[in-house]
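Structure at a glance
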Amino acid sequence: MPVPWKNKIVLFKLEATYGTDPVPTGADDALLVVDVELTPMQGEDVGRNLDLPYFGNQGTIAAALHARLSFKVELAPSGTAGTAPAWGKLLRACGMAQTITAATSVVYNPITDNPESGHFYIWVGGTRYRMPGARGNATFRIPAQGIPYIEFEFWGLFVPAAETARATPTLTAFRKPRVGSSANTPTFTVNAVPLVLREFALNLGNAVEPRFLIGSEAILITDRQTSAEAMVEAVPVTTLNPYTLARDATDMAVTLQHGTGAGNIATLALPAAQLQRPEGLENNQNIAEWPLRFNVPPVTGNDEFTLTLT
């Protein structure tokens, strides 16, 4: 009987010890995801290259085996100020710290040392794939008149697939998102100037490296190059001049708030973004738009941006 692709269950739990199964459960660790892509057995095929007295395919040996998983999660806070969202633990496995102020806020910021790791269970039909030691990268994307998403890409250690009893997922912690709109996204500013926004994206920019040596096999985050993009309506250069800002490598704040009402607000704040050279104007509905690209460097360290949920 064929396996239906849409019949999927995804669980994720942070690991206390790298690569050790924390046994995620459907009741506590299920994810509500979109656009799942799974490659359960990436690696290298090492040729033997034997010198023999005859022609023929000598076969290969699989090496550096690992898995890759990508998906999207709707960007919607928990609905209660000071309560972490169900997707918060995914950010923690992407090299981010989580700071909770009870009844007030949950703040995420990038870190350098000792990023956490997590463990995925993925069922496709009755087949369960496991990904221990998973770490990854995240991109926040907020479009006008579209659902905001966090796009995740994870790499993990390889475990052979098995037929096991499926978990029963509980997904009530995931709330309905709000589309990007004037009412739902009340703030977008560049250098303190409000701009009309078509789409915004912030890429954490993690360098995620499978590293397989004798005595150590792990998925590592070895660097971070955060960047952002925004498509905005062009304004007079007396209001905002992207050309001089890019020429002078000016540090500027970029702020986007999505959501309104306590427990539903997500604010991305970039304190010292640097505008890259504008690549020209674009025509959309006979309106001039600027595609803006930003480098997002740290100020004093691990502070390129914050995601604050209030």
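Details of the structure are given in the entry above.
All values derive from a computational prediction rather than experimental measurement.

Cut-off values and rules
- Going along each chain's sequence as written, the residues are numbered from 1 onward.
- Totals for whole chains, interfaces and linings use every residue, but because this is a predicted model, local features are given only for residues with pLDDT of at least 70 and side-chain atom pairs only at 80 or more, for both listing and counting.
- Only heavy atoms go into the side-chain values, all of them from the structure, while hydrogens and water stay out.
- The secondary structure listing takes helices from DSSP runs of H or I that are at least 4 residues long and strands from runs of E that are at least 2 residues long, numbered from the N terminus.
- Contacts between residues were defined by any pair of non-hydrogen atoms, one from each residue, lying within 4.5 Å.
- All accessible-area figures derive from a Shrake-Rupley calculation using a 1.4 Å probe, and residue coverage is judged against the displayed protein chains alone.
- Counted as positive: Lys and Arg. Counted as negative: Asp and Glu, with His and the chain ends omitted from the count.
- In plain terms, the charge of a residue is placed at NZ if it is Lys, CZ if Arg, CG if Asp and CD if Glu.
- Using protein atoms alone on a 1 Å grid, points that fit a 1.4 Å probe yet trap it form a cavity, whereas open point sets bounded by protein on both sides within 12 Å along at least five of seven lines form a pocket; residues with an atom within 4 Å of a point count as lining.
- Grid points are joined across faces, edges and corners, and a volume is the space filled by probe spheres set on the points.
- Residues belong to a common nonpolar core when they are buried Ala, Val, Leu, Ile, Met, Phe, Trp, Tyr or Cys residues joined through side-chain atoms within 4.5 Å.
- Each residue gets one of three labels from its accessible area relative to the maximum for its type: buried under 20%, exposed over 50%, partly exposed in between, using a 1.4 Å probe on protein chains only.
- We treat two strands as partners when DSSP finds at least two bridges between them.

On to the overall build of the protein chain, then. Counting its secondary structure elements, the protein chain contains 3 helices and 20 strands. Dimensions along the principal axes, computed over C-alpha positions, put the protein chain at roughly 75 × 50 × 40 Å. Sequence separation of at least 24 residues holds for 69% of the intrachain contacts in the protein chain that already meet a minimum separation of 6. Summed over all atoms, the accessible surface of the protein chain reaches about 15,400 Å², with 51% contributed by carbon and sulfur. Seen as two clouds, the 22 positive and the 28 negative side-chain charges of the protein chain have centres 6 Å apart.

What follows covers the layout of surface pockets. By volume, the largest pocket is sized at about 300 Å³. As for the largest pocket, its lining consists of 17 residues, and the residues nearest its centre are A144, S181, S182, T185 and L197. Counting residues per element, the ones that place at least two in the lining of the largest pocket are strand 7 (127–143), strand 10 (187–190) and strand 12 (197–203). Broken down by element, the residue count for the lining of the largest pocket peaks at 3 residues, all from strand 10.

We now examine the nonpolar core. Among the nonpolar cores identified, the biggest contains 59 residues, and F120 and F294 are the most heavily contacted of them. Those residues within four positions of F120 in sequence are excluded, and the remaining contacts are V10, L11, F12, L31, L69, F71, L90, Y129, R130, M131, A134 and F154. I9, A30, W123 and A167 belong to the second-largest nonpolar core, a separate cluster that totals 6 residues.

With that settled, consider the pairing of strand 1 (residues 8–14). For a regular strand, side-chain orientation follows a simple rule: the groups alternate between the two sheet faces. Along strand 1, 5 of the 7 residues are buried, which leaves the element largely enclosed by surrounding structure. The sheet contact formed by strand 1 and strand 6 (residues 118–124) spans 7 bridges and is antiparallel. Looking across to strand 6, one finds that K13 is bridged to H119.

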